[in-house]
Structure formats: structure tokens, C-alpha cells
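Overview (structure and organization)
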Amino acid sequence: MTPPSPFYVSLASPLGFLTVFEDADAVVALEWGRVDEARPSKLLGDAKRQLDAYFDGRLKRFELPLAPAGSRFQRAVWDRMRAIPYGEARTYGELAKSLGSVARVVGGACGRNPIPIIIPCHRVVGGGGRLGGYSGGDGLATKRALLALEGHLLA
């Protein structure tokens, strides 16, 4: 893992080690894996506390400044994902309809989400109760674990 930003910190989670990256006073990425030498900041301390609280079931909504790099469309998809309440899910098709797009393109934007968990791409599922895909951690096993943590019935 090559740190993409000046500040980063790793933390243990039930899903393995996670590393959060900050640049220009905003979280820019969350990746699975560990960076041995931390370059912490106040914001990353807040991110770590919020992630710990999320995994302990005490946090339902992250309150962190985010600056994910992506196209205007990708950022619109990520904004829609952030609006999905804890414990709920939306389909790729529902998000696509709200954006005047198609499910496959929304799925591509979900797969490119640079800040998973905090931008909850795990809450986006396929039609008919299918999980769809997940690009983080152990793939669908990680998505199932996150949905189960939130008490979602698809898990």
C-alpha cells in the first residue's frame, strides 16, 4: 500500500486492518491493509474514533469532511449513497433512476468508491435481493458482514 496523501493512520477492525488517508483537511481514502508508520492528524483521530464506534454499534452516521476524487457523476452517486440510512439498502436501479442513469453505470461508480464504509457502498444491492458486488476487503463476505452489523435483513 502506497500512501496517497500526507496523513494516514491504520486501525484494527472486525474486518481486518483499515487505513484512512487525509489530504487538505478531508478524508480522501479508506483502504484495507495496514501502513506501519502512521502520520496522524486530529481529523484522522476523529475518523478512527468514529470507525471504532461504528463497529461497536454506537455510531449510525459518520460526521467527517470527505473529499473523494472522482468524476462529477461518481461524486453524485457517492452523495446518494451517503443519504441511505443506517440499516437500510437501495438497489443499483433505484440510485440509477434518481440520477437519470442506468444500474450498470451506478455499479461502476460504487466499485470506484475510494472511502468505503464511511461512504456506505455496502448499502447498495442488486434487484430481487441479490447482494451485487463489493470491491473492499473480502468482497461479498465483507459486504454481508457490514450489512449484518447494521441489522439489514439481506445479510
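Further up the page is the structure itself.
A short tour of the structure in this document, coming up.

Conventions and cut-offs
Residues numbered from 1 in each chain as written. Predicted model: local features only at pLDDT ≥ 70, side-chain atom pairs only at ≥ 80, totals over all residues. Heavy atoms only, no water. Axes fitted to C-alpha atoms, helices over the stretch in contact; angles between N-to-C directions. Helix = DSSP H or I, 4+ residues; strand = E, 2+ residues; numbered from the N terminus. Parallel < 35°, antiparallel > 145°, perpendicular 65-115°, else oblique. Left-handed = near helix turned anticlockwise from the far one by under 90°. Contact = heavy atoms within 4.5 Å. Nonpolar A, V, L, I, M, F, W, Y, C, P; charged D, E, K, R; others polar. Buried < 20%, exposed > 50% of the residue type's maximum accessible area, 1.4 Å probe, protein only. Pairing = 2+ DSSP bridges. Salt bridge = Lys/Arg side-chain N within 4 Å of Asp/Glu carboxyl O.

Remarks on the packing of helix H2 (residues 72–82) against helix H3 (residues 92–99)
In contact at an axis separation of 11 Å, H2 and H3 are set at 120 degrees when each is read in the N-to-C sense. Of the possible angle classes, the one that applies to H2 and H3 is oblique. The crossing of H2 and H3 is right-handed. Counting all contacts with H2, which are made through Phe73, Ala76, Val77, Arg80 and Met81, the residues of H3 involved are Leu95, Ser98 and Leu99. Looking at the contact of H2 with H3 residue by residue, the class counts come to six nonpolar, one polar and one charged.

Quick look at the pairing of strand E1 (residues 7–13)
For E1, the buried fraction is high: five of the seven residues fall into the buried class. Here seven bridges tie E1 to strand E2 (residues 16–23), and the two strands are oriented antiparallel to one another. Bridge pairing in E2 links Ser13 to Gly16. Where E1 hands over to E2, the hairpin turn is made up of two residues, counted between the paired strands.

Notes on the pattern of salt bridges
A full pass over the atoms with the stated rule returns seven salt bridges. Across the pair Lys42 and Asp46 runs a salt bridge whose closest N-O atoms are separated by 3.3 Å. In this pair, Lys42 and Asp46 both sit in helix H1 (residues 42–55), four residues apart, roughly one turn of the helix. What makes Asp46 partly exposed here is its relative accessible area of 22%. Put simply, Glu88 and Arg90 hold a salt bridge, and the shortest N to O gap is 3.1 Å. One salt-bridge network, held together by shared partners, links Lys42, Asp46 and Arg49.

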